[in-house]
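Now for the letters of each chain:
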Amino acid sequence: MKFFKKLSIRVQVMTIGLIIIAMVPVIVLNAYKQSSELIIDQNTQYNKELIAIMKQRISSNYSEISELMVNLGYDATVQNFLAESDDLTIYELAKKVESVMGVIKNTNPDILDISVVSNTRKVVSLKGTITDVYDAENIPEQDGAAHYAGFRKGSPTLDRDKFLFSMNIFSLGNRIPYGDNAGFMMIGLDVRSINKEIEKYPRLAGTNFYLFDNRDLVYSNSSQDEQLIQLINGPLLNKDQDHMVVETNAGARYIVQSHVLPEIGGKIVTATPISLLTKGLQPLKTKSYILVVLMLLIISIPYSILMMNLLKPLSKLMTFMKQLKTGNLNVLHSKVRLEGYAEIEMISNEFNTMLQRINGLTNQLVQSDTQLYQSELEKQRLQYAFLQSQINPHFLSNTLDTMKGIAISQGSRETYEMAGALSRMLRYSIKGGDEVSLGEELQIVNAYITIYQIRFSGRFTYGLVCPEEFLPLLIPKMIIQPIVENALTHGLETLAQGGAVHIHVHTNENGDLVVMVKDNGIGMSSDRLEQLNHLLHSEGKDSILNGHIGVANVHHRIQFKYGSAYGLSLQSETGKGTEVTLIFPSILPNAKSSD
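In what follows, the accompanying structure is described. From a predicted model like this one, the values you see are computed outputs, not experimental measurements. Within each chain, residues carry numbers counting from 1 in the order of the written sequence. For this predicted model, a pLDDT threshold of at least 70 governs which residues receive local features, and a threshold of 80 or more governs which side-chain atom pairs are given and counted, while totals over whole chains, interfaces and linings are taken from all residues. The basis for every side-chain value is the complete set of heavy atoms in the structure, and neither hydrogens nor water enter the calculation.

### Digging into the packing of aromatic side chains
- Only rings of Phe, Tyr and Trp enter the pairing, Trp through its six-membered ring, and a pair is recorded when the two centres are within 6.5 Å. The plane angle decides the type: under 30 degrees is stacked, over 60 is edge-to-face, the rest tilted. A complete count under the given rule lists five aromatic pairs for this structure.
- Measuring from ring centre to ring centre gives 5.2 Å for Tyr-448 and Tyr-452, while their planes differ by 45°; the resulting arrangement is tilted. Of this pair, Tyr-448 and Tyr-452 both sit in helix α12 (residues 438-455), four residues apart, roughly one helical turn.
- Exposure categories follow from relative accessible area, calculated using a 1.4 Å probe and restricted to protein chains: below 20% of the type maximum is buried, above 50% is exposed, and the middle band is partly exposed. Of the residues examined, Tyr-452 reaches a relative accessible area of 6% and is grouped as buried. Elements are defined by DSSP. Helices are runs of H or I of four residues or more, strands are runs of E of two residues or more, and each kind is numbered from the N terminus.

What follows is the structure in structure tokens.
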């Protein structure tokens, strides 16, 4: 059920529809099948009851025949006939025996012939149709009871098929010792008597009857289908079978029932064609198919309406929502129109209302974001300009103080060199653009170092390590000089001698440009270092207000320009100096122009 809930509505509706469509023919055909089975069961039960009646009738006839044979065999005239040896007397007695036989036949019209045979092969026959009366196989058991003696095919024109029953006749003591065998008798019973019983039941019309004795098929009420006989002349002859279905090679299917006939050591079998039983159901079958088609048509109409009023609007809504997901804000100005059930139209109205509100909020948000963005840009521009503008006055103030001191103390060449260096720095500061090559920035650093070396002659040394391939890389203008200025002013000015400033340029593992400025000055305490690092991560204004222009200015300029991944880091220890590391992206002039 959880899996089914996760499926789309379209899949669920189609699945339910297919299940309903599949169930309709199954139900109708199952009803037809049950009707067929009911008719077959009723017919089977009916045949079973009738065959039981016929079986009882055959048993009753056998009892009657047995009684007639006993009465005839121990009649005084028959006893005298069997014991007589005189031919003339035998003739007279034979006439009397025939008369007695005629009376017996009149009591049972199904009897075709009666024959009495003495031990001396003297025969009295009512009609003389039992031609094989002397066959040894027909001599019954020596028990004085009636026995089935087999089936005999009649003549096509003069005689009929008959069942033979025989019985030994024992002497009653007249001339032949009492109890000795005096002869035997045979009665031929008309096989068609069974057909008379069948004709009494019109519902059995079309049912094939087969009568088997202990050897062969002896009777059939229809044309004999050899294959059908082979199919039923097997297990069915061995035991009672309620019913079973057999099918011939021609495709004909039969309901077969079998009942034992102990009187003849055989079995009576019925085979009813299933097509005959279901013949009356053919109109029902046709109507069932028509009903299936009509029901499918009837179901398809509301199903189509459901698909149109439910799935089509939902598909339209999903398409519209996908357009919204693409980020196209123009869709917010349009409306989705869904037609279908009342709930669908309500969803459409609510969705359009939501779109209007989203559109209004989006416009407000866009306007607010635009204003905030413009304000932020202006703020950054002003901060950047303010930070950059503070460098030159600060630098010029310090330089002019130096030049004034030298000019007062001496009017030498150093003043000329300092003025030249200052001139280069002024021209560099007013140069257009905010980016220069690393080589140009290092030249300005050298000019600044020159001024300081004149001012503090012999008190510090300067070293630079920079591979030539790094010189064309672009960096912000006046970005290294403030760091060198801090190193000289705050780190080395108080040293009488032995000071040193080193600049080392290289790249890190990410390919970024790294400029490291290191001095061996007085350094700073851990508290001071922590304070400066905190100021580096605060707003630039706070840094300025606290008087730390150079380091904070450089750090914020780098981050404003390149992002938070770049900037400045400090390491320092009291009495051992300070190390400032600047990290820039490695940008070549041609790469910049391509942007």
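### Things to note about empty space enclosed by the protein
- With a 1 Å grid spanning the protein atoms alone, the term cavity applies to any set of points in which a 1.4 Å probe fits but cannot get out, the term pocket to an open set with protein on both sides within 12 Å along at least five of seven lines, and the term lining residue to any residue with an atom within 4 Å of a point. Grid points are joined across faces, edges and corners, and a volume is the space filled by probe spheres set on the points. Per the counting criterion, the structure on display carries three cavities of 30 Å³ or more.
- Counted as a void, the largest cavity has a volume near 60 Å³.
- Lining the largest cavity, in full, are Tyr-452, Phe-456, Arg-459, Phe-460, Leu-488, Leu-492, Glu-493, Leu-495 and Gly-499.
- When residues are sorted by character, Ala, Val, Leu, Ile, Met, Phe, Trp, Tyr, Cys and Pro go into the nonpolar class, Asp, Glu, Lys and Arg into the charged class, and all the rest, Gly among them, into the polar class. Within the lining of the largest cavity, the residues separate by chemical class into six nonpolar, one polar and two charged.

### With respect to the packing of helix α3 (residues 76-83) against helix α4 (residues 87-107)
- Interaxial angles span 0 to 180 degrees and are taken between N-to-C directions of axes, which are lines fitted to C-alpha atoms, for helices over the stretch in contact. One way to put it is that α3 packs onto α4 with a least axis distance of 9 Å and a crossing angle of 150°. It follows that α3 is roughly antiparallel to α4 by the angle criterion. Crossing hand, α3 versus α4: left-handed. Contacts between α3 and α4 involve Thr-77, Val-78, Asn-80 and Phe-81 from the first element and Ile-90, Leu-93, Ala-94, Lys-96 and Val-97 from the second. Here roughly perpendicular refers to angles of 65 to 115 degrees, roughly parallel to angles under 35, roughly antiparallel to angles over 145, and oblique to all remaining angles. If you view the pair so one helix is near and one far, a crossing is left-handed when the near helix is turned anticlockwise from the far one by less than a right angle, and right-handed when it is turned clockwise. Here a residue-residue contact requires only that any non-hydrogen atoms of the pair lie within 4.5 Å.

### Here we look at the side chain of Thr-578
- Among the secondary structure elements, Thr-578 is positioned in strand β17 (residues 577-584).
- Counting of polar contacts relies on pairs of N or O atoms within 3.5 Å, with two restrictions inside protein: one atom must be capable of donating a hydrogen and the other of accepting it, and residues adjacent in sequence are counted only when both atoms are side-chain atoms. Among the polar contacts made by the side chain of Thr-578, one reaches the side chain of Ser-572 at a distance of 2.9 Å.
- The contact partners of Thr-578, leaving out residues within four places of it in the chain, are Val-517, Lys-518, Asp-519, Gly-523, Met-524, Leu-570, Gln-571 and Ser-572.

### Notes on the side chain of Thr-77
- By the element assignment, Thr-77 lies in helix α3.
- Once you skip the residues sitting within four places of it in the chain, Thr-77 turns out to touch Leu-93, Lys-96 and Val-97.

### Topic: the pairing of strand β4 (residues 162-170)
- Counting buried positions over the nine residues of β4 gives nine, a clear majority of the element.
- Residue alternation in β4 divides its side chains into two sets, Lys-162, Leu-164, Ser-166, Asn-168 and Phe-170 and Phe-163, Phe-165, Met-167 and Ile-169, and both sets are buried.
- DSSP-based pairing: two strands are paired if at least 2 bridges between them are found. Note: strand β3 (residues 147-152) against β4, five bridges, orientation antiparallel. Within β4, the position partnered with Gly-150 by the bridge is Leu-164.

### Re helix α13 (residues 481-492)
- Helix span, expected: 1.5 Å multiplied by one less than the number of residues in the helix. Look at α13: 15 Å from first C-alpha to last across 12 residues, which is about the 16 Å you get at 1.5 Å a residue.
- With 10 of its 12 residues buried, α13 lies for the most part within the structure.
- Gln-481, Pro-482, Ile-483, Val-484, Glu-485, Asn-486, Ala-487, Leu-488, Gly-491 and Leu-492 are the residues of α13 that are buried.

### What to know about the sheet that holds strand β12 (residues 460-465)
- Read from one edge to the other, the open sheet built from five strands follows the order β12-β14-β15-β17-β16, with strand pairing classed as mixed. Of all the strands in the sheet, the pair left with one neighbour each is β12 and β16 (567-573). Ignoring which end each strand starts from, the neighbouring axes of this sheet average 10° apart.
- Strand direction decides the pairing type here: β12 and strand β14 (residues 499-507), joined by six bridges, are parallel. Each residue of the ladder has a partner; that of Val-465, found in β14, is His-504.
- Docked against the sheet, α12 engages β12, β14 and β15 (513-519), running at close to 170° with respect to β12.

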